[in-house]
Amino acid sequence: RSSKKRAAPAKKVTTNKSNNTADAAPQNAPAADTVPVAVAELKIEQPRPSLRNDNAVQRTMMKDRTPLAYEDIREDDVMYSQRVWREIDVHEKMNVPFVYKAESDNGNQRFIMILLNAIKKGDVTAFSSAGGDDRFTTPLPFSKIAELLVGKPRVQQIPDWKNDPDGSKGLMKDTTISEEFNPDLIERYWIKEDVVFDKESSRMYTRILGIAPLKTILNDDGSFRAVTPVFWVYYPDLRPMLAKYDVYNGRNFGAKMSWEELFESRMFSSRIIKSTINNPNDSYISAYIKDPILGLLEGENIKEKIFNYEQDLWSY
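Calculation notes
Residues numbered from 1 in each chain as written. Predicted model: local features only at pLDDT ≥ 70, side-chain atom pairs only at ≥ 80, totals over all residues. Heavy atoms only, no water. Core = buried A, V, L, I, M, F, W, Y, C linked by side-chain atoms within 4.5 Å. Buried < 20%, exposed > 50% of the residue type's maximum accessible area, 1.4 Å probe, protein only. Helix = DSSP H or I, 4+ residues; strand = E, 2+ residues; numbered from the N terminus. Contact = heavy atoms within 4.5 Å. Salt bridge = Lys/Arg side-chain N within 4 Å of Asp/Glu carboxyl O. Patch = residues over 30% accessible without salt bridge, like charges linked within 9 Å, V, L, I, M, F, W, Y side chains within 5 Å. Areas by Shrake-Rupley, 256 points an atom, 1.4 Å probe, with all protein chains shown as cover.

(A) Focus on the nonpolar core. In terms of nonpolar packing, the biggest core is built from 41 residues, with Phe98, Leu116, Tyr189, Trp259 and Phe263 touching the most fellow members. Among the elements of the structure, helix H2 (111-121), helix H3 (142-150), strand S7 (186-198), strand S8 (203-218), strand S10 (231-234), helix H4 (235-242) and helix H5 (259-264) are those that each provide at least two residues to this core. Considering every element that reaches this core, the biggest residue donor is H2, with 8 residues. Those residues in contact with leucine 116 that sit more than four places away from it in its chain are Leu42, Ile44, Phe142, Ile145, Leu149, Phe181 and Phe231. By size, the runner-up hydrophobic cluster in this structure holds 10 residues, among which are Phe197, Ile272, Ile277 and Ile306.

In structure tokens:
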């Protein structure tokens, strides 16, 4: 009889695959969405520069133009300051350059296209105007601007002509529909500016702080509904870029000024829609004067009050 112990048989280990949560897929998993989530896109054509000189003269000064630096105003020298909001209507004759539709080496010459190109390239930052915010608090990405201008893409069912050529089966399929941007719907702009009297130079200064394009909202029948600001752009950041864009001059196409010179020279027509003069509720004129004609006269009254303050400081 052998004294050696027989080795115990090895235990058989079984693996329960049903309990392996890492490899097992859920039996009732929801079906994947067949239509991918679409993101709003704003199709802006890239500028196509001329391969030959497209002018009678060699225009090279435009590329080297830079805006003049603002004169410094000390806080202690400010005797008087008011904030004013203005509205520019592109339908007025003086504001025709805002909707000039020609193409140039810089791209489309509409003012809204100049702004959108600068934002898309990252030259300037757009800020949100949600809730009436005009203090440049929330940067706005270009994708969000596209969504505000053309809306979110929507999914709609259309007949599936590929699998049902004659339509007898009634097969349908999902498709994503995106609206195209129409620059003609940008018909107004808002300007936010400060009017400051400097006692050191005995001069009244008007400094633009921001510009906002307004989108026209139409009803289903095409009638006018409302306008709303799309975004705000800080004007001092915009000045170097605007200095390199020419403004359309219908009377003399050769005598051009830059967009920066247009704003600094006040070569545009506008009306006052809000100010800080006797306005403790921070309301627009349209909020407490419903008649548009009386609202226009109130804006002229505000303009006259600012003008009279400067004139009353002088003695003759």
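From this point, the narrative continues.
(B) Highlighting unusual backbone geometry. Non-glycine residue asparagine 278 carries a positive phi angle of around 50 degrees. On the secondary structure map, asparagine 278 appears in the loop between strand S11 (271-275) and helix H6 (285-288). Residue asparagine 278 is classed as exposed on the basis of its relative accessible area of 67%.

(C) Spotlight on the pattern of salt bridges. What the rule picks out here adds up to 16 salt bridges. The partner of arginine 86 in a salt bridge is glutamate 193, and the shortest N-O contact between them spans 2.7 Å. Of the two residues, arginine 86 is situated in strand S1 (residues 78-89) and glutamate 193 in strand S7; the sequence distance between them amounts to 107 residues. The pair formed by arginine 86 and glutamate 193 is uniform in burial state, with each residue classed as buried. Close ionic contact of lysine 192 with aspartate 134 constitutes a salt bridge, the shortest N to O distance being 3.9 Å. Of the two residues, lysine 192 is situated in strand S7 and aspartate 134 in the loop between strand S4 (126-128) and H3; the sequence distance between them amounts to 58 residues. The structure contains a network of salt bridges with shared partners spanning Arg74, Asp76 and Asp77.

(D) Spatial organisation of a nonpolar patch on the surface. On the surface, a nonpolar cluster with roughly 530 Å² of combined accessible area is contributed by Met79, Leu313, Trp314 and Tyr316. Looking at the secondary structure, you find tryptophan 314 in the segment after helix H7 (292-312).

(E) Layout of H2. Of all the 11 residues making up H2, 9 are buried; the element is thus mostly covered by neighbouring parts of the structure. Among all positions of H2, only Phe111, Ile112, Met113, Ile114, Leu115, Leu116, Asn117, Ala118 and Ile119 are buried. A positive phi of about 85 degrees marks glycine 122, the residue just after H2.

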